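The chain contents come next:
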Amino acid sequence: MAGTQYEYEISISNLTYAHTPGAEPSLSNISMNLPKGSRTILVGANGAGKSTLLQILAGKRLILKEDTYVHIKGRDVFRNSPPGVTFLGTEWAMNPVVRGDIVVSDFLNSVGGYRHKERRDRLLDILDVDLDWHMHTISDGERRRVQLVMGLMSDWDVLLLDEVTVDLDVLVRDDLLKFLQRDSETRGATVLYATHIFDGLNDFPTHVAHMHLGTFLSQPTPWPLSTGVASQVVSVDLGPSPTLYSLALQWLREDRERRRELEKQGRKTRGAREDTVPTDSETFYRKYDYSH
């Protein structure tokens, strides 16, 4: 792996991570290489490890194992943090600081908006943001638009997106994705994007990857899929030109079947169970059931 830190924009090797010592790993032996200028979509069910992977790449979770290799732009994300890396996740909009009574124009200037006026103004138009909004009175979707202006107004080199388009309406989301694609193509910027919304995304990625229970079932693969590659990454024939939506749907179906097989072998089950509520608890709760 010694040469990959210069060959790839994002490079990971031997990454295993558990949120607490002794717990089952959220990521197991992850390795991945992404070229500069690529736009990769991470596909996987809730709990697949996508968010954890992005947070580690952003340097938000510390990894100290000597044999673990997590580099961006040829630099160790923990010991020699690379410049130009932007992480945008869903937790930002829930921060009480950004829900305070502050005008959007003042908020953006407080984080350096005046230094990036040209890109800031372009993003204000694309995301349809009103500079006179007060952060504590706007909707979650509008607050998300402000976050995106803030995060994208500087010239990023690597963009890590964790479900941040979930609050956007279809038109704004489409305009944003076109902006990101142009930015990637003209500046050679790299995007790694975890999402569960695949409509309108077919022309955006250069690569797709499939995560399941903390591992890659399919490494980042060039998109659109060639006929030979499609048969290697999915178990059914999706036709000559599968859409990203149909591929993601099939991957997630297969993930559910894999998980159910593991449950038959002893893994903790999901869904309804016959012994969910003990008899004495059921008797107690019935006294306070006002649905009848």
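Residues numbered from 1 in each chain as written. Predicted model: local features only at pLDDT ≥ 70, side-chain atom pairs only at ≥ 80, totals over all residues. Heavy atoms only, no water.

The name an unreviewed UniProt entry assigns to the chain is Nucleoside triphosphate hydrolase protein, from the organism Wolfiporia cocos.

Side note on unusual backbone geometry
Comment: phi is negative for the bulk of residues other than glycine, and the bulk of peptide bonds are trans. As a reminder, the rule being used: For the purposes of this entry, the term helix denotes a DSSP run of H or I that reaches at least four residues, the term strand denotes a run of E that reaches at least two, and both are numbered from the N terminus.
The linkage connecting W223 with the following residue, P224, adopts the cis geometry, with an omega of 0°. Relative to the helices and strands, P224 is located in the loop between β10 (215-222) and α7 (227-233). If you check the backbone angles, N29 has positive phi at about 50° while not being a glycine. Relative to the elements of secondary structure, N29 occurs in strand β2 (residues 27-34).

A word on the packing of helix α4 (residues 117-126) against helix α6 (residues 170-187)
So the rule is basically this: Lines fitted to the C-alpha atoms define the axes, with helices restricted to the stretch that makes contact. Angles between their N-to-C directions range from 0 to 180 degrees. Angular relationships are summarised with four words: roughly parallel below 35 degrees, roughly antiparallel beyond 145, roughly perpendicular across 65 to 115, and oblique for the angles in between. Residue contacts are defined here by distance: any two heavy atoms, one from each residue, within 4.5 Å place the two residues in contact.
With their axes 9 Å apart at the nearest point, α4 and α6 run at an angle of 150° to one another. Judged by the inter-axis angle, α4 sits roughly antiparallel to α6. Only V172, D175, L176, F179, D183 and R187 of α6 make contact with α4, whose side of the interface consists of R119, R122, L123 and I126.

Here we look at the pattern of salt bridges
Rules: Any carboxyl oxygen of Asp or Glu that lies within 4 Å of a side-chain nitrogen of Lys or Arg is treated as forming a salt bridge with it. In this scheme, a residue with accessible area under 20% of its type's maximum is buried, one over 50% is exposed, and one in between is partly exposed, where area comes from a 1.4 Å probe on protein chains only.
Within this structure, the stated rule accounts for 19 salt bridges. Among the ionic pairs, R119 bridges to D155, the shortest N-O distance being 3.3 Å. Highlighted residues: R119 in helix α4 and D155 in the loop between α5 (140-152) and β7 (158-162), separated in sequence by 36 residues. On the basis of relative accessible area, R119 is assigned to the buried category, the value being 9%.

Concerning the domain arrangement of the chain
The condition is simple: The domain limits used here are those given by an automatic or database domain assignment. Here the quantity called buried area is the total loss of accessible area, with a 1.4 Å probe, experienced by two parts when brought into contact, counted for both. As used in this structure description, the phrase polar contact means that two N or O atoms lie within 3.5 Å; if the pair is within protein, one of them must be able to donate a hydrogen and the other to accept it, and residues adjacent in sequence are counted only when both atoms belong to side chains. Any residue that is not Ala, Val, Leu, Ile, Met, Phe, Trp, Tyr, Cys, Pro, Asp, Glu, Lys or Arg is counted as polar, Gly included; the first ten are nonpolar and the last four charged.
In terms of domain boundaries, the chain breaks down into domain 1 (1-84 + 158-169 + 188-270) and domain 2 (90-155). Computed over C-alpha atoms only, the centres of domain 1 and domain 2 are separated by 28 Å. The partner domain 2 presents 8 residues to the 7 residues of domain 1 that form the contact. For the domain 1 and domain 2 pair, buried surface summed over both sides reaches about 720 Å², with 61% attributable to carbon and sulfur atoms. In terms of surface lost to domain 2, no three residues of domain 1 exceed V164, D167 and L168, which account for 60% of the buried area on that side. Seen at the junction of domain 1 and domain 2, the total is 2 salt bridges. The closest approach of N and O atoms between R145 and D169, which form a salt bridge, is 2.9 Å. Inspection of the region where domain 1 meets domain 2 yields 2 residue pairs in polar contact (both at pLDDT 80 or more). Its residues assigned to classes, the side of domain 1 that touches domain 2 shows 3 nonpolar, no polar and 4 charged.

Quick word on the packing of aromatic side chains
Short version of the rule: The aromatic pairing rule takes the rings of Phe, Tyr and Trp, using the six-membered ring of Trp, and pairs them if the centres are within 6.5 Å, calling planes under 30 degrees apart stacked, those over 60 edge-to-face and the rest tilted. Working rule: Lys NZ or Arg CZ, within 6 Å of ring centre, within 35 degrees of ring normal, means a charge sits over the ring.
As enumerated under the stated definition, the model contains 1 aromatic pair in all. Arranged with centres 6.3 Å apart and planes meeting at 85°, the rings of Y193 and F204 form a pair that is edge-to-face. Remark: F204 occurs in the loop between β8 (190-194) and β9 (207-212) and Y193 occurs in strand β8; sequence separation between them is 11 residues. The pair formed by Y193 and F204 is uniform in burial state, with each residue classed as buried. The lysine or arginine in question, R39, covers the ring of F204, its NZ or CZ lying 5.7 Å from the ring centre. Over the ring of W156 we find R187, and its NZ or CZ is 5.2 Å from the ring centre.

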